[in-house]
Amino acid sequence: MDKDNTKSLAVFILLQIWATSWCAPPRFCEPGDEILGRCSNSPPEEEQPKCTEMNLGYCNDMEYSSTMYPNILGHRTRLEAESGAEYLLLSVIHGLLNGECSPDIRLLGCSVLAPRCQGDRLIKPCRSTCEAVRKGCNHAFEGIDMAWPYFLDCDRFFASDQEGCHDPLVGLRGRQDLALSNISPEEPSTIIQFTYHSNAQMYSVLKKTAAKCSQISHVYSIGRSTEGKDLLVIEFTDNPGQHKLLKPEIKLVGNMHGNEVLGRQLLLYLAQYLCSEYLLGNQRIQTLINSTRIHILASMNPDGYELAASEVEDNRDPDSTGNSNQEGHLLNGWTNGRTNAQNIDLNRNFPDLTSGLYRNRRSRHFRTDHIPIPDSYWFGKVAPETYAVMKWIRSLPFVQSASLHGGELVVSYPFDFSRHPLEERMFSPTADEQSFKQLARTYADAHTSMADNNTERCGASFYRTGGIINGAMWYSFAGGMSDFNYLHTNCLEITVELGCDKFPSEEELYPEWLRNKEALLSFMESVHRGIKGVVRDEDGNGIKGASISVKGIRHDITTAEDGDYWRLLSSGTYILSATAKGFSKVSKRIHLPHHMIRAGQVNFVLKKVPVEPDLDDHFFPTTDTWERFDPYNQFERYTQTELGEGGVERQEKPWWWNYFTQPGMPTPTWLLRNF
């Protein structure tokens, strides 16, 4: 056979095979049926889905009792639906969201996993219901860094009213409306859970609060603790994330000492209160947030808190070995968890600028404000928490601040370090003594019992001072955060000691909130005292770093990025001056009356003049002095991003991830927000 005939035969055989495979009717046989003559040329009729009894544990309280498989997601049996990550999520969602949006999310998910069946017809849940739940609950998922579940996609798995749908929440709404109709209108509208929060719960509360009030709030991290925990700040203002001209910025810091926990809890409650009351239309809160930029660092020492909380838990555990102590919160040793994980007391770890001030205060050319950090400081042991807070303080134009502590019932103010090295208790005022006293009085007088002479104290006696005291007059220490704020920046910070019990019982949290709520609000509102203004050149451009001085007060402040400034002053008459390097000096006489409702505005326009080097250079922060921060990159390791294989940034999994990584179950990466 020649080559052409061989090729033709091969093509003919291939065509026969192709024709047979496409033309022959398919045969449907089970193994061995062909021998028994049981094969059929027609497919077996598929059994049509029918309604079946609802028998899905977490969905058995739906308003209907019949469902259908395959369900909307394609699960063909009840067992397949129960084995999926979707059903697992519904079973734990109440705990993950701390009860928020419960049972709405679960019922909505059940309407997809076990949809309503009527007359052997599957009825999809309503898209409008899904959209309403997502709008009201998406912030709760954002608060725990979880993506909105794919099976609650309102467009894919839900139907419109025109298509015919079922509202899975209609019964729940009816019960809720009935319950709300029985609530007295006098009951408080803002609901806060007055319990202790673990670090994970604290982060969740802050993120959920920011997501709930996203138009006025957001959270950001200023760094990490020694053990890698976020130092998370929540901000409140009407334009979160940016500084607004002439809007003052304040900060509240809690839990600097890990075992002093009341301040941490009060700041968490305050964040929830500000968010809720703003949304409810509380005019006082709306005015405060719209006119102020508020930053809240609930825990500066999360590592220390964990240690203190575990010690208290052990003391309260009746089954723990050793002596059981039901009042463990009272006997927390006063030291367990006070320091960070490096055993550093954070309130002794800041640069000691006060000693330098005392040594050089008689020199006319020595700065008494914006004192630079000595290079020698960086050769000591600087905690990452201290480092993060210093960068934070330097990065924003804070006007005033409060650091919340425990162990006494008093407000102290700088200086905390005695002006005489041999005097442990010596009155050591700053140049802004009157402004500091006014800030301290604001908090103490608004507190329900701090200024009361009849209030029981914790060993010290403050009845003659009405609950406030100069820090060094109480006891002296160097390296404190309040002294650093005052001597390195514009910020005036007070220290609030909230009570004798550093770790009060949970039953005391609500009464303590009532004692401190008005004080916290009054303190934040007090930032609008004194004067504010903008320093500009003749072309209308703001001048950054201009000095604002007050005659008789040897402590200047400097203008922010856009030339705006804030100067806390009590009532009286003052000579105010503005000057900047390369510009002329301008002075104005001002009068601040008693009971000012808001800060007076004093603007300056400076003329450019030739720059002549002289001794005045000592009075201005320069790149070589004030801006010299961590010159040896001691903390570079704290800011490096951890990289995985191939140089890709490694994403840390959320705390809830282990719930869903079970053997034999596909990993639900659809729950990760950044996947």
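See the structure above.
Residues numbered from 1 in each chain as written. Predicted model: local features only at pLDDT ≥ 70, side-chain atom pairs only at ≥ 80, totals over all residues. Heavy atoms only, no water.

Draft legend 1. Just the packing of aromatic side chains, in detail. Following the criterion strictly, the structure yields 28 aromatic pairs and no others. Ring geometry for Phe141 versus Trp148: centroids 5.1 Å apart, planes at 70 degrees, classification edge-to-face. Of the two residues examined, Phe141 and Trp148, each falls in the buried class. Here Trp378 and Tyr387 contribute two aromatic rings whose centre-to-centre distance is 6.2 Å and whose plane-to-plane angle is 80 degrees, an arrangement assigned as edge-to-face. (Phe/Tyr/Trp six-rings, centres within 6.5 Å; stacked < 30°, edge-to-face > 60°. Buried < 20%, exposed > 50% of the residue type's maximum accessible area, 1.4 Å probe, protein only.)

Draft legend 2. Spotlight on the sheet that holds strand 18 (residues 586-592). With antiparallel pairing, the four strands of this open sheet are ordered in space as 15-14-17-18. Edge strands, defined here as strands with exactly one partner in the open sheet, are strand 15 (553-558) and strand 18. Adjacent strand axes in the sheet meet at a mean angle of 25 degrees, parallel and antiparallel pairs treated alike. Bridge count between strand 14 (residues 547-550) and strand 15: three bridges; the pairing is antiparallel. Across the sheet, Ser547 pairs through a bridge with Thr558, a residue of strand 15. (Pairing = 2+ DSSP bridges. Helix = DSSP H or I, 4+ residues; strand = E, 2+ residues; numbered from the N terminus. Axes fitted to C-alpha atoms, helices over the stretch in contact; angles between N-to-C directions.)

Draft legend 3. Fine view of the state of the cysteines. Evaluation of the coordinates by the stated rule reveals six disulfides. The disulfide partner of Cys101 is Cys137, and the gap between their sulfur atoms is 2.1 Å. Taking the torsion about the S-S bond as the criterion, the Cys101 to Cys137 disulfide, at about -110 degrees, is left-handed. Here Cys101 is found in the loop between helix 3 (85-96) and helix 4 (104-113), whereas its partner Cys137 is found in helix 5 (residues 127-143), with 36 residues between them in sequence. Among the residues examined, Cys101 registers a relative accessible area of 15% and is labelled buried. Here Cys126 engages in a disulfide with Cys165; their sulfurs sit 2.1 Å apart. Measuring handedness by torsion sign, the sulfur bridge of Cys126 and Cys165 sits at about 90 degrees and is right-handed. (Disulfide = S-S within 2.5 Å.)

Draft legend 4. Spatial organisation of the sheet that holds strand 10 (residues 408-413). Pairing in this open sheet of eight strands is mixed, and the strands run 5-6-8-7-9-12-10-11 from one edge to the other. Of all strands in the sheet, those with a lone pairing partner are strand 5 (217-224) and strand 11 (468-470), marking the two edges. Here the average twist between neighbouring strands, direction ignored, is 20 degrees. Looking at chain direction, strand 5 and strand 6 (residues 230-236) are connected through six bridges and run antiparallel. Bridge pairing links His218 to Glu235 in strand 6. Sheet strands touched by helix 8 (residues 262-279): strand 6, strand 7 (249-254), strand 8 (293-297), strand 9 (398-405) and strand 12 (492-499). Its angle to strand 8, the strand with the most contacts, is close to 140 degrees. Contacts between helix 12 (residues 384-395) and the sheet are confined to strand 5, strand 6, strand 7, strand 8 and strand 9, with strand 5 contributing the most and set at about 130 degrees to the helix. (Contact = heavy atoms within 4.5 Å.)

Draft legend 5. Main features of the side chain of Thr442. Relative to the elements of secondary structure, Thr442 occurs in helix 13 (residues 433-446). Within the local environment of Thr442, its side chain forms a polar contact with the side chain of Arg529, the two groups lying 2.9 Å apart. Filtering out sequence-adjacent residues up to four positions away, Thr442 remains in contact with Ser522, Phe523, Ser526 and Arg529. (Polar contact = N/O pair within 3.5 Å; in protein donor to acceptor, adjacent residues only side chain to side chain.)

So, to be careful, I would describe these as geometric facts and stop short of saying anything about function.
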